[in-house]
Amino acid sequence: MSITTHTGPNSPANPPAVASFATRLLTLCYGGLVYLIFLGTFLYAVGFVSQYAVPKNINTGSAPSLMTALLTNLVLMSIFAVQHSGMARQGFKRLFVRLASPAIERSTYVLLTSLALILLFWQWQPMPAVVWHIDNPVFAGIATAGGAVGWLIVLYSTFLISHFELFGLTQVVSHFAGRVVEPMKFKTPGLYRLIRHPIYLGFIIAFWCTPTMTLGHLLFAAVTTAYIFVGIYLEERDLVAMFDNEYRRYREKVATLVPGIF
C-alpha cells in the first residue's frame, strides 16, 4: 500500500518559497549521500544476517558471557526500535517540519535508521550456541535460498510503493527543481493486493530462513519479528487516521502477512 502525505506549510495548497540554489544543492547532496549510506547499510544487513561476504556477521567475534551478550544485544535492538518507530509517527514529522525543511525529513529519518543499524552491526555480541543445524545439503540450500527470497521480497516491495520516495531521494530532487512532491493516492500495487505488509513478510522470511540457527541469530529473529508486529499495529493506526474507511475496507479484504490466513 502506497502513501505519501503532505500537510502544513509545504502542502501543494500552500507551496513554499523557492530556496536559494545553494540551499537546494546542499539539500540534494545531503539526500544523495544519505541514500548511499542506506544502500551500503542495507547490503551489509543482508550479509550480516545471512553470514556472507561481510567482515562481521551475526555469529562472528569473540563471545562474551551469555548475560552480557543478551543485555547488549537487547539494548542495541531497543535503540533501533525507539528511533525507527518514534520518528515514523505523524507527531514527530509535524514537529520536524517546524524546525527544518520538509524536503529532508525522510532523508533524516533514513540516515538515523541507518546509523542505528550500523551501531547494532558494530557492537553486536555473538551468542554461538547452535539451536538447529541442517545437515542435508538439499534442505540447507532451500533454507539459504529462502533467506535470499525474503530479501528480494523486501527490495521488490519498496519499488512497488515508490522506492526513491521511501528513502528520501524524490523529495530532495523535487526540492532542487523547485517543485513539491505531489501526494500519492491510496493504491495497492502488486503484492499489496495479496497482503498488506509484504516488506515485513520479506524481513521475517530473511531472518528465519537459515541452515544454521545460533542462539544469537534466534534472539535477533525473535525480537525483530515481535517488533514487526508492533510496527504493524502502529503503522495501521496511522493509516486509518489518514485514510479512514478506505483503509478499513482494504484491511477487511486483504490479509496482513499470509494470503487467506493472517
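Values in this document were obtained by computation on a predicted structure and should not be read as measured data. (Residues numbered from 1 in each chain as written. Predicted model: local features only at pLDDT ≥ 70, side-chain atom pairs only at ≥ 80, totals over all residues. Heavy atoms only, no water.)

Trainee: Let's hear about the environment of Pro 55: which residues, and what values?
Mentor: Mapped onto the secondary structure, Pro 55 falls in the loop between α1 (21-50) and α2 (66-86). If sequence neighbours within four positions are ignored, Pro 55 has contacts with Tyr 44 and Thr 60. (Helix = DSSP H or I, 4+ residues; strand = E, 2+ residues; numbered from the N terminus. Contact = heavy atoms within 4.5 Å.)

Trainee: With reference to specific residues and values, describe a nonpolar patch on the surface.
Mentor: A contiguous nonpolar surface patch, about 390 Å² in accessible area, is contributed by Phe 229, Val 258, Ile 261 and Phe 262. Position of Phe 262 among the secondary structure elements: in the segment after α10 (245-253). Residue Phe 262 is classed as partly exposed on the basis of its relative accessible area, which comes to 43%. (Patch = residues over 30% accessible without salt bridge, like charges linked within 9 Å, V, L, I, M, F, W, Y side chains within 5 Å. Areas by Shrake-Rupley, 256 points an atom, 1.4 Å probe, with all protein chains shown as cover. Salt bridge = Lys/Arg side-chain N within 4 Å of Asp/Glu carboxyl O. Buried < 20%, exposed > 50% of the residue type's maximum accessible area, 1.4 Å probe, protein only.)

Trainee: If you had to explain helix α7 (residues 169-176) to someone new, which residues and values would you point to?
Mentor: Those residues of α7 lying buried are Leu 169, Gln 171, Val 172, Ser 174 and His 175. Among the structural elements, α1, α4 (105-123) and α6 (163-166) are those in contact with the buried residues of α7. Note on α7: the residue one or two positions beyond its end, Gly 178, has a positive phi of about 80°.

Trainee: Pulling in residues and values, what's your account of the pattern of salt bridges?
Mentor: Per the counting criterion, the structure on display carries 4 salt bridges. Ionic pairing is found between Arg 196 and Glu 236, a salt bridge with its closest N-O pair at 2.6 Å. With Arg 196 in the loop between β3 (184-187) and α8 (198-208) and Glu 236 in helix α9 (residues 215-243), this residue pair connects regions lying 40 residues apart in the sequence. Comparing Arg 196 with Glu 236, the two get one shared label, buried. Shared partners join several salt bridges into a network, and the residues in it are Arg 196, Glu 236 and Arg 251.

Trainee: Kindly report on α9, identifying the contributing residues and their values.
Mentor: An ideal rise of 1.5 Å per residue puts 42 Å on 29 residues; α9 measures up with 41 Å between its terminal C-alpha atoms. Residue Asp 244 follows α9 closely and has a positive phi angle near 50°. (Expected span 1.5 Å × (residues − 1).)

Trainee: Please provide a residue-by-residue account of unusual backbone geometry, values included.
Mentor: In this model, Gln 51 sits at a positive phi of 60°, which is unusual for a non-glycine residue. Residue class for Gln 51 comes out partly exposed when judged on its relative accessible area of 31%. Unlike most non-glycine residues, Ser 162 shows phi in positive territory, near 75°. Mapped onto the elements, Ser 162 comes out in the loop between α5 (137-160) and α6.

Trainee: I'd like a rundown of the nonpolar core, residues and numbers included.
Mentor: Within the largest apolar cluster, 41 residues are counted, with the highest numbers of intra-cluster contacts made by Phe 48, Leu 120, Trp 124, Trp 151, Phe 207, Phe 220 and Tyr 247. Where this core is concerned, the elements lending two or more residues are α1, α2, α4, α5, α7, α8, α9 and α10. For this core, the element with the highest residue contribution is α1, accounting for 7 residues. Grouped together as the second largest cluster of nonpolar side chains are 5 residues, Tyr 200, Ile 204, Ile 232 and Leu 257 included. (Core = buried A, V, L, I, M, F, W, Y, C linked by side-chain atoms within 4.5 Å.)

Trainee: So what's going on with the packing of aromatic side chains? Which residues, and what values?
Mentor: Throughout the structure, instances matching the rule amount to 20 aromatic pairs. Judged by centre distance (3.9 Å) and plane angle (15°), the ring pair of Phe 38 and Phe 167 falls under stacked. With Phe 38 in helix α1 and Phe 167 in the loop between α6 and α7, the pair connects residues that are 129 residues apart, well separated along the chain. For Phe 167, a relative accessible area of 12% puts it in the buried group. A cation sits over an aromatic face here: Arg 24 above Phe 176, 5.9 Å from the ring centre. (Phe/Tyr/Trp six-rings, centres within 6.5 Å; stacked < 30°, edge-to-face > 60°. Lys NZ or Arg CZ within 6 Å of the ring centre and 35° of its normal.)

Trainee: Explain the side chain of Thr 113 to me, using residue names and the numbers behind them.
Mentor: Considering the arrangement of structural elements, one finds Thr 113 in helix α4. At 3.0 Å, the side chain of Thr 113 forms a polar contact with the side chain of Gln 83. Setting aside its immediate chain neighbours within four residues, Thr 113 contacts Phe 80, Gln 83 and His 84. (Polar contact = N/O pair within 3.5 Å; in protein donor to acceptor, adjacent residues only side chain to side chain.)

Trainee: Provide a residue-level description of the environment of Gln 171, including the pertinent values.
Mentor: With respect to the helices and strands, the residue Gln 171 is situated in helix α7. With 140 residues separating them along the chain, Gln 171 and Gly 31 place their C-alpha atoms 8.4 Å apart. Filtering out sequence-adjacent residues up to four positions away, Gln 171 remains in contact with Ala 103, Arg 106, Phe 164, Glu 165 and Val 181.

Trainee: Quick one: what's the story with the environment of Arg 94, residue by residue and with numbers?
Mentor: When you line up the elements, Arg 94 lands in helix α3 (residues 90-99). Each C-alpha atom of the pair Arg 94 and Glu 105 lies 9.7 Å from the other, and the pair is 11 residues apart in sequence.

Trainee: Which residues make up the confidence of the model for the protein chain, and what values go with them?
Mentor: In regions of low pLDDT, the predicted coordinates are not meant to be interpreted in detail. When pLDDT is averaged across the protein chain, the result is 89; 92% of the residues are at 70 or more. For the stretch residues 1-15, pLDDT sits under 50, and the model shows 37 contacts to residues farther than four places along the chain or on other chains. (pLDDT = per-residue confidence, 0-100.)

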